[in-house]
Amino acid sequence: MKSCITISLVEEARGGPFVLWDGLEESIRFAGELGFDAVEIFAPSIEALKLDRLGGLLDSAGVKLAALGTGAGWVKHRLQLADADAEKRVQAKAFVRSVIDAAGQFGAMAIIGSMQGRSDDQVDPATARGYLAEALEDGGEHARQYNVPLIYEPLNRYETNQCCTVEDGVKLLQSLNTDNVRLLCDLFHMNIEEADIAQGLLIGDKLVGHVHFVDSNRRPVGYGHMQYVPIIDALREIGYDGYLCAEAFPWPDPHEAARQTMRAYRYWTSRK
Ligand SMILES: [Mn+2]
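Let me sum up the structure you'll find in this document. Treat the numbers as computed from the prediction; the structure is a model and nothing was measured. (Residues numbered from 1 in each chain as written. Predicted model: local features only at pLDDT ≥ 70, side-chain atom pairs only at ≥ 80, totals over all residues. Heavy atoms only, no water.)

## Quick look at the layout of surface pockets
Put simply, the rule reads: Using only the protein atoms, space was sampled on a 1 Å grid; points where a 1.4 Å probe fits but cannot get out form cavities, open sets with protein on both sides within 12 Å along at least five of seven lines form pockets, and lining residues are those with an atom within 4 Å of a point. Grid points are joined across faces, edges and corners, and a volume is the space filled by probe spheres set on the points. Under the scheme used here, helices are H or I runs from DSSP no shorter than 4 residues and strands are E runs no shorter than 2 residues, and both carry numbers assigned from the N terminus. Just so you know the grouping, Ala, Val, Leu, Ile, Met, Phe, Trp, Tyr, Cys and Pro go in nonpolar, Asp, Glu, Lys and Arg go in charged, and all remaining residues, Gly too, go in polar.
A volume near 540 Å³ is recorded for the largest pocket. Taken together, 27 residues form the lining of the largest pocket, with Gly71, Val75, Gly113, Ser114 and Glu159 sitting closest to its centre. Of all elements in the fold, only strand 2 (38-42) and helix 3 (72-75) reach the threshold of two or more residues within the lining of the largest pocket. With 3 residues, the single largest contributor to the lining of the largest pocket is strand 2. Per-class residue counts for the lining of the largest pocket are 9 nonpolar, 11 polar and 7 charged. Around the second largest pocket, the lining comprises 25 residues; the ones closest to its centre are Lys2, Met109, Gly209, Gly242 and Tyr243. Broken down by secondary-structure element, the contributors of at least two residues to the lining of the second largest pocket are helix 2 (51-61), strand 3 (64-69) and strand 7 (208-212). Residues belonging to the lining of the second largest pocket are distributed by class as follows: 13 nonpolar, 5 polar and 7 charged.

## Let's talk about the nonpolar core
Selection rule: For our purposes a nonpolar core is just a set of buried Ala, Val, Leu, Ile, Met, Phe, Trp, Tyr and Cys residues, chained together by side-chain atoms within 4.5 Å. Working definition: with a 1.4 Å probe on protein chains only, accessible area under 20% of the residue-type maximum means buried, over 50% means exposed, and in between means partly exposed. We call two residues contacting when some pair of their heavy atoms lies within 4.5 Å.
Ile41, Tyr152 and Leu187 are the most contacted members of the largest nonpolar core, which has 90 residues in total. No other element matches the 7 residues that helix 4 (residues 86-104) contributes to this core. Contacts of isoleucine 41, omitting those with residues within four sequence positions, involve Ile7, Leu9, Leu24, Leu49, Leu54, Leu65, Ala67, Leu68 and Gly69. Counting 5 residues, the second largest nonpolar core, distinct from the first, contains Val10, Ala13, Phe18 and Trp21.

Take a look at the structure:
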């Protein structure tokens, strides 16, 4: 299992669960200095990623790009994949494809989280789920050219009513024609929704494609009451070899949150 840390470039998301906030250059440099294998970036636009310079920044820091979030599609542009308006859904899918293209050139994955949207007065649950499935088919097949899966994240009930558990996510993925979508198992959401977090990971099995490594209160691992022994055991049991990525509040501050995440990562992955 590899280490990864989140970088946010989205000012509107201040207060959100991202660890590093010091801009692209400084955040990538700091992640490399602490020994992280990779970074996951939450950017307001493709332009903000400075794609012509990103490769050089990553190389000189010795870190890889693990993934790009698509959350700005919702946070900044109010685009979501289950919108009642067909034109908005087209725009949302195009935004996701643009993130897949940006990530793909670095061998990185795009993540569908808040862009999955939800059912509401205008879109009933089955229809919303159908719109989401359609978008995952589209994105999953689009990502194939880069030899990476598209990543879909079940969220807790306060953030979506599409899929809230790993089991529900597995059902959705199994209903698709494409086999190129994997699940993001975020321990914070799982702590709210799963009866048993380790069991949820076992249900996810080979469909687990990315992990958000965080504590019960969304602080860095070690600052809450999550029980990691069964979680790490379950990840080993399913042969998970992807990233443990810290998507956590920058508590008590970004640099200490990053250092604590690295201490916790080393502790839990070296444990016999
Ligand atoms: Mn997450």
